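What the coordinates show
The chain contents come next:
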Amino acid sequence: MPKIITADKTELYVKDWGTGQPVILIHGWPLSSDSWDDQAMALAQAGYRAIAYDRRGFGRSTQPWSGYDYDTLADDLAAVIEQTGAKDAVIVGFSMGGGEVARYLSRHNGKSVAKAVLVSASLPFRLKTSDNPLGAEQAVFDKTAQAINDDRPKFLAGFFEKFFGVTADAQPVSPQLLEWARSVGMQASLKATLGCAKSFTTTDFRPELAAFKVPTLIIHGTDDQVVPIDASSRLTAKGIAQATLLEYDGAPHGLFATHKARLTTDLLDFLKV
């Protein structure tokens, strides 16, 4: 599969499966495009063109020192759209990938985009401020960065338990899937891991919700412990004119694995409308 070459010569690993209307899948932190495989397979089998790529610094893409701000990440998405020739695309952002959707729509005026989907997205603003009381304190994000620096494998092991809603009483995913997620997270560079964490925790997308001028589906679990729904998608849905919010009762953050059949069905239903 050919790679996408960005403006600063970063190489992005891309999967391009199937034919039909393109659906571009943007993964979350700190994973890779492999996290979308179940949905990408179903999309391709249903007659769509599933395009998924590894964000710069993650998975099999190259690991530059810079470019982990949302302007650059949105420009990377623009390169994917242009170099794959995607037209009337549906762009789907999971978790921090929702920020790339928002910034692309505002920075590139929604070029070639017909619809948008936000899954467990970290929009509109994760940081607690005087005018964003539902956000998280900066100290929480500082503690996360320190834990990553101290012992990244240990941090990721605990993080993914929260990510998938694993507790003493609930095991919605297998131990093997948890280990897979940790190993994929370790493929990313330390610089990318920290840089993207800073970007998605400090970027205020509230002014950019008006850039969503296409039909938008928002999906979020009500028991998301990574990006709580009250501070994210419920606010985002109010700020997007053509938004439909689907709440998965009791669901955690990692819906692509814990609720993959339902997520796939909801994506396909939205594409058909």
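Residues numbered from 1 in each chain as written. Predicted model: local features only at pLDDT ≥ 70, side-chain atom pairs only at ≥ 80, totals over all residues. Heavy atoms only, no water.

**Some remarks on unusual backbone geometry**
Formally: Segments assigned H or I by DSSP are reported as helices when at least four residues long, segments assigned E as strands when at least two residues long, and all are numbered from the N terminus. We call a residue buried when its accessible area falls under 20% of the maximum for its residue type, exposed when it is over 50%, and partly exposed in between, using a 1.4 Å probe and counting protein chains only.
With an omega of -5 degrees, the peptide bond between Trp29 and Pro30 qualifies as cis. The peptide bond linking Leu123 to Pro124 adopts the cis configuration, its omega dihedral lying at 0 degrees. Counting through the fold element by element, Pro124 comes out in the loop between strand E7 (113–119) and helix H4 (138–150). Even without being glycine, Asn109 reaches a positive phi, approximately 55 degrees. Of note, Asn109 is situated in the loop between helix H3 (97–107) and E7. With a phi angle near 50 degrees, Ser120 is a residue other than glycine that sits in the positive phi range. Counting through the fold element by element, Ser120 comes out in the loop between E7 and H4. With a relative accessible area of 0%, Ser120 lands in the buried category.

**Focus on the pattern of salt bridges**
Short version of the rule: Salt bridge criterion: a side-chain nitrogen from Lys or Arg within 4 Å of a carboxyl oxygen from Asp or Glu.
Using the criterion set out here, one finds 21 salt bridges in the structure. Taking the shortest distance from any N to any O, the salt bridge between Asp38 and Lys260 comes out at 3.5 Å. Of this pair, Asp38 sits in helix H1 (residues 37–45) while Lys260 sits in helix H10 (residues 260–272); the two residues are 222 residues apart in sequence, bridging distant segments of the chain. We classify Lys260 as partly exposed; its relative accessible area is 41%.

**Examining the pairing of strand E6 (residues 89–94)**
We count it as follows: When DSSP finds two or more bridges between two strands, those strands count as paired.
Most of E6 is tucked away: 6 of the 6 residues are buried. Burial along E6 is two-sided: the face carrying Ala89, Ile91 and Gly93 and the face carrying Val90, Val92 and Phe94 are both buried. Of the pairings in the sheet, the one linking strand E4 (residues 22–26) to E6 comprises 4 bridges and is parallel in character. Counted as the bridge partner of Leu25 is Val92 from E6.

**Here we look at the pairing of strand E9 (residues 243–248)**
Put simply, the rule is: Crossovers are described as right-handed under a simple rule: with the strands pointing away from the observer, the path leading from the first strand over the helix to the second runs clockwise.
Across 6 bridges, strand E8 (residues 216–221) lies against E9 in parallel orientation. Opposite Thr216, over in E9, you have Ala243 as the bridge partner. The handedness of the E8 to E9 crossover, carried by helix H8 (residues 233–239), is right-handed.

Everything listed here is a matter of geometry and, on its own, says nothing about what the molecule does.
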